[in-house]
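Structural overview for review
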Amino acid sequence: MIRLVSCVSIGVWLAIGIAAGSASAAQAAAQEPQPVRFLLASNNRELPVPLDVGRIPVLRQRLTLDLQGVTVREALTAISSRARLVLWYADDVIAANRQVNLRANEITVAAALTDVLVDAGVDVVFHRDGTAVIVKRMASVALVQVGTISGRVTDSTSREGIGGVVIAVEGTRLSTITAADGRYTIRGVPAGNRSITARRLGFVRRSQAVTVADDSLAAIDFVLVRAPTMLSEVVTTATGDQRLVELGHVVGRINADSIVKSAPVSSISELLSGRVAGVQVNTYQGTVGGDVGLQVRAPNSINLSTEPIVIVDGVRYTSSAAARVDLGSGNFVEPTSPLNDLNPNEIETIEIVKGPSAATLYGTDASNGVIIVTTKRGRTGPAKWNAHVKGGKTRIPDIRYPDAYWGWRTFAGVPSLTASCSLDQVGRGQCTQDSVTALPTPLNDSKLTIFQSEPRSEYGANVSGGSHDLRYYFAVDLENATGPLRMPRAMADSISLVRELPPEQLKPNAFAKVNLRSNVTAALGSAAEVQVNAGYSSRSTRTLGAGFLNPYAGAFGRLLPGLPYGVAGPDQLFSRTTTERVNRVFGSVTASWSPTPWLLARGSGGLDMASITRASLARRGDVPRTVFNLFSTGEVDDDRGRQLAGSWELAATASFSSSQVSSRTSTGLQYVRTLDDVLGSSGTNLPPGASTIGAAATVRSSQSYREQVTLGSYLEQVFGLNQRLFLTGALRRDGASTFGRNYTAAIYPKAGISWLLSNEPSMPHIPMVEELRLRYAFGASGQQPKPGWNRPGYAVQQALIGGAVTNVYTVNTLGNPEVRPEQVREHEFGFDATALERRVELGLTWHDRKTVDQIVSVSLPPGLGSLMTNLGVTTSAGFEAQLSARLLDGHALSWEIGFLHSSYKTMLKELGGAAERRSPYGGWVVGYPLGARFQRPLTYRDENGDGIISVLEVQLGDTAVFVGEGTPPRSQSFTSSLSFLDRRLRLSALVERRSGFTQLNALHHDQCGGGICRERVDPRTPLPQQAVGIAPLAGDYQYIESGDFTRLREVVIAADVPLAVARALRFRSATVSLQGRNLALWTSYSGADPESASPRGFTQQEIGIPQGRSWSLRFDVGF
Amino acid sequence: MLADELFDYAYLPGLDQRETNSTAGETPYTRWMEVRRAATLALPELLSHGSEATKREYVGEMFAVRGYATLGLAEGFCPGFPLHEVVAFKPVFGTALSTDQVFDRALADFDSALTFARDSTRIVNLARIGRARSLLGIGRYADAAQAGALVPSKFSSSAEYSLTLRGQANPLGYAWQTYSVSVGNREGGSGLDFAAASDPRLTLQLLFSEFGASYYTADKYADPSAPIVIASGIEARLIEAEAALKAGDPTWLSILNDLRATQISPAMAALNDPGSDPARVDLVFRERAFWLFGTGHRLGDMRRLIRRYARPVESVFPTGIYYLGGFTQLPPAGEYGPATSIPFPSEIEKQYNPAIAGCTSN
């Protein structure tokens, strides 16, 4: 397109330029022919500045022209129409009728214009709207002297060029991005003293002054120093390693290697606790080796797991007790934690993918988040040995437990020493109280308590090293711990008089574990690499009975003469021992091949194989008196389980990048298969001294088998623009054996945007802020139904047929052929900032979830059972903040603090007609949070005015009402680390808080239910408290109170041994640290420990032994 | 419980008092429905396993099991409940049925059983008696007699029980061990004298007498692993006797006396013709009550007396003051209610079929 004007006036500057310069410029052109100049008009009154033609797309276009003997006007018409360039000029400016010749293939528009207008003495001035004006060469433009700067940016450490660095001329809009080799060029830089800035994520921003001379080249190189920030980190994703800055979602990261050495951490669960916003670790008991529960953000499901999945070195890892092979409930024992089969000393990093917006590509099961564990790898170089030894003691903190109350009674004039007289009985005329005595609970009596300080120890060593072609890491770790429990001294002495007391009965809780690891990485030529990671753990856990078989609960239930723990005392229950042994082999092989620089293919496979045995033994006569006379004639249980989880993946990633655009395309196919196989047998009625099933009079056995398979595929595309805007889109498709046969596949979409605002040239620089990123992600993920929900349930049981016991096969449940996975869709928005020379890092995240197709149990007409059906809808929304700051950063003293916050709110939106559950243990009711507690309101009236509230004078309302949340919707942690003497002496602490939830005081409930709490016995108790005390007898009434707590989780004093001393001892390095865990608790909860009473799902709540308090000393040496 | 055969001490006092509450019968109703569902689900599985011969026998047996479960519902529960089906593991909800329609469904199952298991005498006889019992319920007496005619008098098919297998004890035997159910004795005035009759077919033990009530157990279930007879040749003969009486055939009495002479040792004395039709009917039903005690027949018989023989309810079911646990010296718990059948849980069924209106009659 072309516009002919007689006089051009686009902006004041142009008028000035034409008027002032036309004559002189024409003369100059005649004297000294000059090529056409391409200029850019500015929006203000400044003169135009030269353009870098390479950056103007319209000028970079290539044309094929054949212009023979045409006029300049005709030539310009041809060029502008072909290039779709709006070109303004006056005929007299360009000598329009002059003949020109131009014949060229694939010539740029800039070159074509230059040829046509050569010697015309004109400038082509581009306006912001894309139009261009041809004007007589302006003399005044000659005043705008410009030059070129060029150079290279290199890494201070590697000396290699750094691509993607933004080079900007301060005070102008001129900037460019370095090529992969770090080189750059900026043309048209106004002459004079200029400040040039180089910035790239992960490096310290640097500015240099340079003097730019007219029409000359100024060389300016930059050497950038690495400064890792949260955005520059590389994290493990489903498609391989990716820079955090490219992701639209937040990823929590724990550098395990450095933490384990300096923090009181003996397990993965302790490593995870309080270190990433939104991650909650629930430790159910203060015993050693016990079960732990993980929750990332809000719980998503009513009937399925609320725990994240765990992936170790790319392979699925069975982590929760619920997912562990079910050895049967007949043993009534505390579960142990499969997660803690891993050894924290072997781990390099743990990354937490928090929800569906991030976990989409991990497929069905990942809706609760993904915990990605990467074990340590060998590093090139000579062998480096590290060893550590740790020893300490754990004890249950001293707690003043509430006294038990005894009402001395007289009935019909006869005093009784064997039965207490409660207020309720007094009110109903069943006895007369003579007096009331407060008796301390046995836990407050040194001879009767089950608590005792017990030791724990750890030893470990590893070596790593290798060449470029072969790197290795080998490690061995041993751990031993005795639980802080024992049979009370008085009872142990009493038993020892009549029989031998085996050590396992004296100390019923113990834990021993051996971990071995071998990780080898081998380079196969220059384009391929194989990683073989293998781990082995052998664990033995002596564990307690669960529920009413735990004597801790018995300490509060009933008070019987001579039986301070009621009928189920530790002398009885500890005499039944249970030992679980787990041998677990875990390994993965990953091969990667990069046939071209842009293609990376990856194949991996791995197995998690566990052999589990759980044996319980109660010899005849050892347990003569328990609830329901269990075990009195002897019982032996031997359950053996085999669990296997295998995962295989094939994936490929193609990456392309130019200085402005990058592209990353990934696709993969994933297959996961899990199976478990259990054979259980038990024998009762043992002969004296016998301990084998074969000797039992009655033998029972059972067998179960469960298998599930998931096959998924995914495709992901990531585009990067100018290293500051990253767009992600992905899709995953899953099929699973647990889906209903009428449901074919689950489709999970994903999208994300990450915009590094601080690298945006057009954005004004925010003072003191080095990095600022906005991010948004959307994604869906799911959780598959449990095996058996999708198909008829078959069972084999025994029946009498023709007088003979015969195995019969029954079809128990219909199964739902329509059942499909629960789908969780999540939006996540947030920003990350680094400021004050990277002293402060801040990340804020908002997330919003909706779970559709919640699987609920729907009752069918009588006789047909129930169906698990996708009907429910739940939502949750939450906020997370992560702040770290270096307040002091000196050699003599430095001080760093960190703060994490997370909060969420869940809501059950629909149940689709399924039955709601109103329960004090946690339930689901439309319009209320998931797992909220409901309780029937209590009313009372002293009808007969006798000053006593009997059970007949209290009433529980018909409908249970909401009384509080069941799980903590808010959690915070605060860390503070002081370092002295060039960081050689360090002092740190971690405080954790959870709030906004209610907890059952089961201890109080058991005391009142057993008639021994003060409210049930002491006549001085005010009536309202009496009513509360007697309420458990009127129905299912629980004592629900705030469970908020703050805990001093960790305290560490660590010191590096002076190098001279270490070397004198032939060590490369040596560190000693004193570590304390769970040292203080602040709470208004009146039970023993609100953390230990954590719920398991929404259906169970037990009295938990308070969290153990431990001190330990650790030595680390390197050589 | 609802009938005069047993007296409840603990478990289902509502039914024992002829309670009309719709939830009172939920548990027994659910159990019968579970048997129907289990048999229905087993049918396709059995059809795909085993040899042709065993397949036919097992499928036939499963049809018979479903037929007896359907009979239990027809005889015991008020009309108006649905029979749900399961097709390819998907529930297909039914509509309200009359008692005769439920008997028809049972009849269809027994017909299927006879077709499939024609080579198995055991199953054929089981199905013949079920068929005869169904026809009796519908009131087709001659057809009923003919249906069971080929079953030998000595034939018996029982449900087996075990003490060592979890949850498989004889429910009556277990109840007697836990002191919760007693043999009835002229309950509510109109009930039969099961305890006082000193009938050799029903030998009893008096366990205790307290507050004006006596607790009896029957020796036939003294062992909680004793079997319960589901169908027998004796029942076939009893059906023939009733059909003969209905038809005015005088052989009805000889059939009863033949049973008394041959099916128990020592033989019982022969019965005399009481002389009137109502008394003859009473005699036939009394013989049924004692021969078939504790086998789930009595409630159906009492209902038949009302439906088929137009007997007033008061003359058949217990009436008057109801004493909880039978303890007449303690305050009464109220009066007997009007129920002559077990109410089905209509409120639950309505959730799946709003057309279900509850009991359409008693």
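Residues numbered from 1 in each chain as written. Chains lettered and ligands numbered in written order. Predicted model: local features only at pLDDT ≥ 70, side-chain atom pairs only at ≥ 80, totals over all residues. Heavy atoms only, no water.

Here's the deal with helix α8 (residues 233-247) of chain B
Residues and elements named next belong to chain B. The condition that has to hold: Each helix is a run of DSSP H or I of at least 4 residues and each strand a run of E of at least 2, with the numbering of both proceeding from the N terminus. Expected span of a helix, by definition, is 1.5 Å for each gap between consecutive residues, and there is one gap fewer than residues. In this scheme, a residue with accessible area under 20% of its type's maximum is buried, one over 50% is exposed, and one in between is partly exposed, where area comes from a 1.4 Å probe on protein chains only.
Helix length check: α8 (15 residues) gives 21 Å between terminal C-alpha atoms against 21 Å at 1.5 Å per residue, within 8%. Within α8, 13 of the 15 residues are buried, leaving the element largely enclosed by the surrounding structure. Positive phi shows up at Gly-248, right after α8, with a value of about 80 degrees.

With respect to the pattern of salt bridges
Residues and elements named next belong to chain A. Stated formally: Should a side-chain nitrogen of Lys or Arg be within 4 Å of a carboxyl oxygen of Asp or Glu, the pair is scored as a salt bridge.
For the structure shown, the criterion picks out 89 salt bridges over all chains. The salt bridge partner of Asp-341 is Arg-539, with a shortest N-O separation of 2.5 Å. Residue Asp-341 is found in the loop between β23 (315-317) and β24 (347-353), and its partner Arg-539 is found in strand β33 (residues 528-543); the two are separated by 198 residues along the sequence. As far as the burial class goes, Asp-341 and Arg-539 line up, both buried. As a salt-bridge pair, Asp-398 and Arg-395 come within 3.8 Å of each other at their nearest N and O atoms. One continuous salt-bridge network, built from bridges that share partners, spans Arg-297, Lys-354, Arg-773, Arg-775, Glu-826, Glu-828, Asp-832, Arg-849 and Glu-880.

Some words on the pairing of strand β39 (residues 725-736) of chain A
Where a strand is regular, its side chains alternate between the two sheet faces. Residue and element names in this part refer to chain A. Applied cut-off: Any two strands with at least two DSSP bridges between them are considered paired.
A one-sided burial pattern is seen for β39, the buried positions being Phe-726, Thr-728, Ala-730, Arg-732, Asp-734 and Ala-736 and the unburied ones Leu-725, Leu-727, Gly-729, Leu-731, Arg-733 and Gly-735. The hairpin formed by strand β38 (residues 698-721) and β39 contains three residues between the paired strands, and Asn-722 there has a positive phi angle of roughly 55 degrees. Where β39 meets strand β40 (residues 746-756), ten bridges bridge the pair, whose relative direction is antiparallel. In the strand pairing of β40, Leu-727 is matched with Ile-753.

A word on the state of the cysteines
Note: disulfide means a covalent bond formed between the sulfur atoms of two cysteine side chains. All names here are of chain A. Put simply, the test is: When two cysteine sulfur atoms are found within 2.5 Å, that pair is recorded as a disulfide.
Applying the stated criterion to the full structure yields three disulfides over all chains. Residue Cys-421 pairs covalently with Cys-431 via a disulfide, S to S 1.9 Å. Taking the torsion about the S-S bond as the criterion, the Cys-421 to Cys-431 disulfide, at about 85 degrees, is right-handed. Taken together, the positions of Cys-421 in the loop between β28 (414-416) and α9 (423-427) and Cys-431 in the loop between α9 and β29 (432-439) put the pair ten residues apart, joining distant regions of the chain. Taken as a pair, Cys-421 and Cys-431 share a single burial class, namely buried. Here Cys-1008 is linked by a disulfide to Cys-1013, with a sulfur-sulfur distance of 2.1 Å. In this structure, the disulfide formed by Cys-1008 and Cys-1013 twists by about 105 degrees around the S-S bond and is classed as right-handed. Given a relative accessible area of 0%, Cys-1008 falls into the buried group. Using a relative accessible area of 0% as the deciding quantity, one classes Cys-1013 as buried.

A closer look at the packing of aromatic side chains
All names here are of chain B. Put simply, the test is: Aromatic pairs are defined between Phe, Tyr and Trp rings, using the six-membered ring for Trp, whenever the two ring centres lie within 6.5 Å; interplanar angles under 30 degrees are classed as stacked, those over 60 as edge-to-face, and all others as tilted.
Scanning all chains against the criterion turns up 32 aromatic pairs over all chains. With centroids separated by 5.1 Å and ring planes inclined at 15 degrees, the aromatic side chains of Phe-208 and Tyr-215 adopt a geometry described as stacked. Its relative accessible area of 24% is what places Phe-208 among the partly exposed residues. Classification of Tyr-215 by relative accessible area gives buried; the value is 0%. Judged by centre distance (5.4 Å) and plane angle (85 degrees), the ring pair of Phe-285 and Tyr-309 falls under edge-to-face. Within this pair, whereas Phe-285 is found in helix α10 (residues 277-291), its partner Tyr-309 is found in the loop between α11 (298-307) and α12 (313-316), the two being separated by 24 residues in sequence.

Focus on the interface of chain A and chain B
Formally: Here, residues are in contact when the closest pair of their heavy atoms is within 4.5 Å. Once two parts are put together, the accessible area they lose, assessed with a 1.4 Å probe and summed over both, is termed the buried area. Throughout, the ten residues Ala, Val, Leu, Ile, Met, Phe, Trp, Tyr, Cys and Pro are labelled nonpolar, Asp, Glu, Lys and Arg are labelled charged, and all others, Gly among them, are labelled polar.
Listed per partner, the contact involves 26 residues of chain A and 25 residues of chain B. Of the roughly 2,100 Å² buried where chain A meets chain B, counting both sides, 61% is carbon and sulfur surface. Area buried by chain A at its contact with chain B is led by A:Leu800, A:Leu814 and A:Pro862, which between them contribute 29% of it. On inspection of chain A and its partner chain B, the count reaches one salt bridge. Two residues, B:Lys90 and A:Glu818, come together in a salt bridge whose shortest N-O distance is 3.9 Å. With six residues, the top contributor of residues to the side of chain A that touches chain B is strand β42 (residues 793-801) of chain A. Among the residues making up the side of chain A that touches chain B, the classes are represented as 14 nonpolar, nine polar and three charged.

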